[in-house]
Amino acid sequence: MAALFPWLIFSAVLGAGLNAGLFFIFSVCIMGALARLPAEQGIAAMQAINVVILNPWFLLAFMGTAVLALVLVAGGFVYGGPARFYLIAGGLLFLGGTILVTMIVNVPMNNALDALQPGSEDAARLWSSTYLVDWVRWNHVRTLSSIGALGCFVMAFRAL
């Protein structure tokens, strides 16, 4: 298992980096671009994104990194070396700030948006008053958590 540990950390670095990049681009570009469109078009585009993103590559990066984070948190408690803090912190940042926020906040908001017709008044109201504010705010949390996890996993790798 000890020989596998650096590869697990390296894989978590890659996974956290992929997630950080994905959430970052939504925070700084995609949601701003969608907000500039008429509500009906922005909603329709986001609904399409919510369908397309559920693909094997995304799920591997997202859920695979979650599994690695769990393993590395456990490893951090077992491993007594200098990487211990970074393993636990990185895993908890990813699991709490990325996975948990996604499941508790962003996915339910996506589902609520997906249930509406893009041209309806209810959809426009949700889009402008809630989605573009709250969804984006919580996406910033996912972005920062993924970046924090990435940094911690890099430091853990360095500490080996």
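Preceding block: the structure.
Here's what I pulled together on the structure shown here. Since we're looking at a predicted model, the values are computed, not measured.

### Some words on the packing of aromatic side chains
Right, on to step 1. For the structure shown, the criterion picks out 8 aromatic pairs.
Right, on to step 2. Arranged with centres 6.1 Å apart and planes meeting at 50 degrees, the rings of Phe10 and Phe157 form a pair that is tilted. A residue pair is termed long-range when its members are at least 10 positions apart, and Phe10 in helix α1 (residues 5-36) and Phe157 in helix α5 (residues 121-159) qualify at 147 residues.
Right, on to step 3. Accessibility expressed as a relative area gives 36% for Phe10, which makes it partly exposed.

### What about the side chain of Thr143?
Right, on to step 1. Within the secondary structure, Thr143 sits in helix α5.
Right, on to step 2. Take Thr143: its relative accessible area is 4%, and that puts it in the buried class.
Right, on to step 3. Here the side chain of Thr143 touches Ser27 through a polar contact of 3.4 Å, side chain to side chain.
Right, on to step 4. The contacts of Thr143, once residues within four sequence positions are left out, are Ala20, Phe23, Phe24 and Ser27.

About the criteria used
- Residues numbered from 1 in each chain as written.
- Predicted model: local features only at pLDDT ≥ 70, side-chain atom pairs only at ≥ 80, totals over all residues.
- Heavy atoms only, no water.
- Phe/Tyr/Trp six-rings, centres within 6.5 Å; stacked < 30°, edge-to-face > 60°.
- Helix = DSSP H or I, 4+ residues; strand = E, 2+ residues; numbered from the N terminus.
- Buried < 20%, exposed > 50% of the residue type's maximum accessible area, 1.4 Å probe, protein only.
- Polar contact = N/O pair within 3.5 Å; in protein donor to acceptor, adjacent residues only side chain to side chain.
- Contact = heavy atoms within 4.5 Å.

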